[in-house]
Amino acid sequence: MIRTRGFTGRSRANADEQRVPPGQYVTDDFPVLSAGPTPHTPLDRWTLALQDGGSLVGKWTWEEFQALPQTELTVDIHCVTKWSKLGTVWEGVTIDDLLAAAGLEEPSAPHLMAHCDGGYTANLPLEDLLDGKGLVATRFDGEPLAPEHGGPARLLVPHLYFWKSAKWVRRLRFMEHDEPGFWESLGYHIYGDPWREQRYDGD
Ligand SMILES: Nc1nc2c(c(=O)[nH]1)N[C@H]1C(S)=C(S)[C@@H](COP(=O)(O)O)O[C@H]1N2
Ligand SMILES: [Mo]
């Protein structure tokens, strides 16, 4: 079959339209959105911790984290400022594998708060991170994740607005009850489903 450039372009545009949540536009750029300066934690001082109440229930050095099962995920991402980026390729450790590595097949609370270098936080229902839906990503597009995009490691939760994908994540804390994170306490939606345009509190 012969395809002209125009045909390919048009069919791609149509397919993309159904892939893109309401109010979003597609960009090939990868904008940087950070509420503060980019932290630069050296890998030999980096750890990822899993916290339940006052207890540490898991902790990995960079080396230990690299030894966990690594998963590649190709997903579309949607920022509340209305850009979407299609077919982004990430690598990292799924939350399922992280919990399994900590011996937590039965997680103890239904919500998580992600805590980051620099103080940023984002709250998430644990369920939204399970079954391969959430990743602690350390690679983007086949390369180590750039610091401005959250390197060494960020959360990736692509089915929610991208503010939930906390950059420079260092600690995941189980919560019995949902609490607002950084943007959520400043008026953003507590859940943030782009398909329901849950941008702000009350949407
Ligand atoms: N630690 C931290 N994570 C963060 C943010 C931030 O300011 N600090 N911004 C959020 C927002 S609002 C968006 S849209 C995405 C942007 O990710 P990017 O800069 O890689 O595009 O990161 C999210 N994660
Ligand atoms: Mo954002």
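A brief report on the enclosed structure follows. Values in this document were obtained by computation on a predicted structure and should not be read as measured data.

What counts and how
Residues numbered from 1 in each chain as written. Chains lettered and ligands numbered in written order. Predicted model: local features only at pLDDT ≥ 70, side-chain atom pairs only at ≥ 80, totals over all residues. Heavy atoms only, no water. Helix = DSSP H or I, 4+ residues; strand = E, 2+ residues; numbered from the N terminus. Rg over C-alpha atoms; globule rule 2.2 N^0.38 Å. Buried < 20%, exposed > 50% of the residue type's maximum accessible area, 1.4 Å probe, protein only. Contact = heavy atoms within 4.5 Å. Areas by Shrake-Rupley, 256 points an atom, 1.4 Å probe, with all protein chains shown as cover. Near = heavy atom within 4 Å. Polar contact = N/O pair within 3.5 Å; in protein donor to acceptor, adjacent residues only side chain to side chain. Nonpolar A, V, L, I, M, F, W, Y, C, P; charged D, E, K, R; others polar. Phe/Tyr/Trp six-rings, centres within 6.5 Å; stacked < 30°, edge-to-face > 60°. Pairing = 2+ DSSP bridges. Axes fitted to C-alpha atoms, helices over the stretch in contact; angles between N-to-C directions. Core = buried A, V, L, I, M, F, W, Y, C linked by side-chain atoms within 4.5 Å.

## Structural notes on the overall build of the protein chain
Helices and strands together make up the secondary structure of the protein chain, namely 3 helices and 11 strands. Order of helices (α) and strands (β) in the protein chain, N terminus to C terminus: α-β-β-β-α-β-β-α-β-β-β-β-β-β. Against the compact-globule benchmark of 17 Å for 203 residues, the protein chain has a radius of gyration of 17 Å, which places it among compact chains. In the protein chain, which comprises 203 residues, the share counted as buried stands at 48%. Once local pairs closer than 6 in sequence are excluded, the contacts in the protein chain between residues at least 24 apart make up 66%. For the protein chain, the accessible area works out to roughly 10,300 Å², and carbon and sulfur atoms hold 51% of it.

## Some remarks on the site of ligand 1
Neighbouring ligand 1 are 20 residues; Pro31, Ala35, His149, Arg154 and Lys167 lie closest to it. Taking Ala35, its main chain carries an N or O atom lying 2.6 Å from an oxygen atom of ligand 1. In this structure, an oxygen atom belonging to ligand 1 sits 2.7 Å away from a side-chain N or O atom of Arg154. Against a free-state accessible area of 530 Å², the protein chains account for coverage of 97% of ligand 1. When its residues are assigned to classes, the shell around ligand 1 shows 14 nonpolar, 3 polar and 3 charged.

## Considering the packing of aromatic side chains
On inspection of all chains with the given rule, the structure shows 14 aromatic pairs. A ring pair is formed by Tyr120 and Phe182, whose centres lie 5.5 Å apart and whose planes are at 40 degrees; its orientation type is tilted. Here Tyr120, found in the loop between strand E6 (111–116) and strand E7 (121–125), pairs with Phe182, found in the segment after strand E11 (169–175); they are 62 residues apart in sequence, far enough to count as distant. Given the relative accessible area of 29%, Phe182 is considered partly exposed. With centroids separated by 4.9 Å and ring planes inclined at 85 degrees, the aromatic side chains of Trp163 and Tyr188 adopt a geometry described as edge-to-face. With Trp163 in the loop between strand E10 (154–156) and E11 and Tyr188 in the segment after E11, the pair connects residues that are 25 residues apart, well separated along the chain. Tyr188 gets classed as buried once you look at its relative accessible area, which sits at 16%.

## Let's talk about the sheet that holds E7
Pairing is mixed across the open sheet formed by 5 strands, whose spatial order is E3-E2-E11-E6-E7. Across the chains shown, the open sheet's two edge strands, defined by having one partner strand only, are strand E3 (55–61) and E7. Ignoring which end each strand starts from, the neighbouring axes of this sheet average 15 degrees apart.

## Some thoughts on unusual backbone geometry
Geometrically, the link from Gly151 to Pro152 is a cis peptide bond, its omega value of 10 degrees lying close to zero. With a phi angle near 55 degrees, Asp131 is a residue other than glycine that sits in the positive phi range. With respect to the helices and strands, the residue Asp131 is situated in the loop between E7 and strand E8 (135–140). For Asp131, a relative accessible area of 68% puts it in the exposed group.

## Examining the pairing of E8
Moving residue by residue along a regular strand, the side chains alternate between the two faces of the sheet. The buried fraction of E8 is high, at 5 of 6 residues. Inspection of the sheet shows E8 paired to E10 by 3 bridges, in the antiparallel sense. Looking across to E10, one finds that Ala137 is bridged to Arg154. Bridge analysis of E8 against strand E9 (residues 143–144) gives 2 bridges, and the strand direction is antiparallel. Note that in E9 the partner of Arg139 across the bridge is Pro144. Linking two consecutive strands that pair antiparallel, namely E8 and E9, is a turn of 2 residues; a positive phi of about 60 degrees is found at Asp141 within it.

## Here we look at the nonpolar core
Counting residues in each nonpolar core, the largest one holds 34 residues, and the members touching the most others are Phe65, Leu98, Val136, Leu155 and Leu172. Listing elements by their share of this core, those giving two or more residues are strand E2 (47–52), helix H2 (62–66), helix H3 (95–101), E6, E7 and E11. The residues touching Phe65, leaving out its near neighbours within four places in the chain, are Trp46, Leu48, Trp60, Gln70, Val93, Leu98, Val136 and Thr138. Grouped together as the second largest cluster of nonpolar side chains are 13 residues, Val75, Leu135, Leu145 and Leu156 included.

Read these as spatial facts, not as claims about activity.
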